[in-house]
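Structural description and commentary
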Amino acid sequence: MSIHDFMAAYKRVWEGQDSEGFAALFAPEGRYHNTPFQVQEGPEALATYWDRIKLQDDISLRYEVLAETATGGVAHWHVEYQVASEDLFAIWAKSTGTALPPRNPGDPLPRMILDGTLTANIGPDGLAREVRIWWHSMPQTA
């Protein structure tokens, strides 16, 4: 699998909210660093982490491959989605190290924008060995 193939599959599993499909992109010992300090390793941990995608609606991901090597590459990605759960909104605020933005009771949940880069190391069997993402997010403003 090339970085182009990996990113097409990454888009498919994110937009499709497919936890098992996400885990299947990785070798059995595959590692996904969703931040520099958090890593998920192995199919069960990968699928469990990806389950939070099910708290998103109307997901749109686009990407551009920036560099390709024989064993992977680098891509820039951009995601927009509707937050579908107060729990996910709280997870987002905690992950950014900020408090939740002020909202009145009954206010709709925001649409989020995430932008980041990804590096992937892909083995000869076409499965990811190590994927690292660096990203930032913010609620979409009107």
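See the structure printed just above.
Basis of the calculations
- Residues numbered from 1 in each chain as written.
- Predicted model: local features only at pLDDT ≥ 70, side-chain atom pairs only at ≥ 80, totals over all residues.
- Heavy atoms only, no water.
- Helix = DSSP H or I, 4+ residues; strand = E, 2+ residues; numbered from the N terminus.
- Rg over C-alpha atoms; globule rule 2.2 N^0.38 Å.
- Buried < 20%, exposed > 50% of the residue type's maximum accessible area, 1.4 Å probe, protein only.
- Areas by Shrake-Rupley, 256 points an atom, 1.4 Å probe, with all protein chains shown as cover.
- Lys, Arg positive; Asp, Glu negative; His and termini not counted.
- Charge placed at Lys NZ, Arg CZ, Asp CG, Glu CD.
- Salt bridge = Lys/Arg side-chain N within 4 Å of Asp/Glu carboxyl O.
- Core = buried A, V, L, I, M, F, W, Y, C linked by side-chain atoms within 4.5 Å.
- Contact = heavy atoms within 4.5 Å.
- Pairing = 2+ DSSP bridges.
- Axes fitted to C-alpha atoms, helices over the stretch in contact; angles between N-to-C directions.
- Phe/Tyr/Trp six-rings, centres within 6.5 Å; stacked < 30°, edge-to-face > 60°.

Let us look at the overall build of the chain. If you tally the helices and strands in the chain, you get four helices and six strands. For 142 residues, the compact-globule estimate of 2.2 N^0.38 gives 14 Å, and the C-alpha radius of gyration of the chain, at 15 Å, lies within 12% of that figure. Classification of the 142 residues of the chain by burial places 42% in the buried group. If you sum the accessible surface of the chain, you get close to 7500 Å²; carbon and sulfur atoms cover 55% of it. Side chains of the chain give 11 positive and 19 negative charges; the mean places of these two sets differ by 3 Å.

So, on to the pattern of salt bridges. Inspection of the entire model under this criterion finds nine salt bridges. When the shortest N-O distance is used, the salt bridge between Lys 54 and Asp 51 registers 3.2 Å. With relative accessibility at 32%, the residue Asp 51 sits in the partly exposed group. Arg 132 is the salt-bridge partner of Glu 130, the closest N and O atoms lying 3.6 Å from each other.

Now for the nonpolar core. Generally speaking, a soluble globular protein has its nonpolar side chains buried in company with each other. Membership of the largest hydrophobic core comes to 36 residues, with the highest contact counts inside it found for Phe 6, Tyr 10, Trp 14, Tyr 32 and Leu 118. Among the elements that make up this core, the one with the highest residue count is helix α1 (residues 3-15) (seven residues). The residues touching Tyr 10, leaving out its near neighbours within four places in the chain, are Phe 22, Leu 25, Tyr 32, Trp 50, Leu 61, Leu 118 and Ile 133.

The next point concerns the sheet that holds strand β6 (residues 128-139). Read from one edge to the other, the open sheet built from six strands follows the order β2-β1-β6-β5-β4-β3, with strand pairing classed as mixed. Every interior strand has two partners, whereas the edge strands, β2 (38-41) and β3 (56-69), have only one. Neighbour-to-neighbour, the strand axes of the sheet open up by a mean angle of 20 degrees, direction not taken into account. Here strand β1 (residues 26-35) runs beside β6; their pairing, made up of four bridges, is parallel. Looking across to β6, one finds that Phe 26 is bridged to Ala 128.

Any two aromatic rings considered together are summarised by their centre-to-centre distance and by the angle between their planes. What the rule picks out here adds up to 14 aromatic pairs. Arranged with centres 5.8 Å apart and planes meeting at 25 degrees, the rings of Phe 6 and Tyr 10 form a pair that is stacked. Of this pair, Phe 6 and Tyr 10 both sit in helix α1, four residues apart, roughly one helical turn. Of the residues examined, Phe 6 reaches a relative accessible area of 0% and is grouped as buried. The interplanar angle of 50 degrees and the centroid separation of 6.5 Å between the aromatic rings of Tyr 10 and Tyr 32 together place this pair among those described as tilted. Remark: Tyr 32 occurs in strand β1 and Tyr 10 occurs in helix α1; sequence separation between them is 22 residues.

Inspection of the sheet shows β3 paired to strand β4 (residues 72-83) by 11 bridges, in the antiparallel sense. Considered in β4, the bridge of Ala 67 is made with Val 74. From the end of β3 to the start of β4, which pair antiparallel, there are two residues. Strand direction decides the pairing type here: β4 and strand β5 (residues 111-122), joined by 11 bridges, are antiparallel. For His 76, the partnering residue across the bridge sits in β5 and is Thr 117.

Read these as geometric descriptors, not functional statements.
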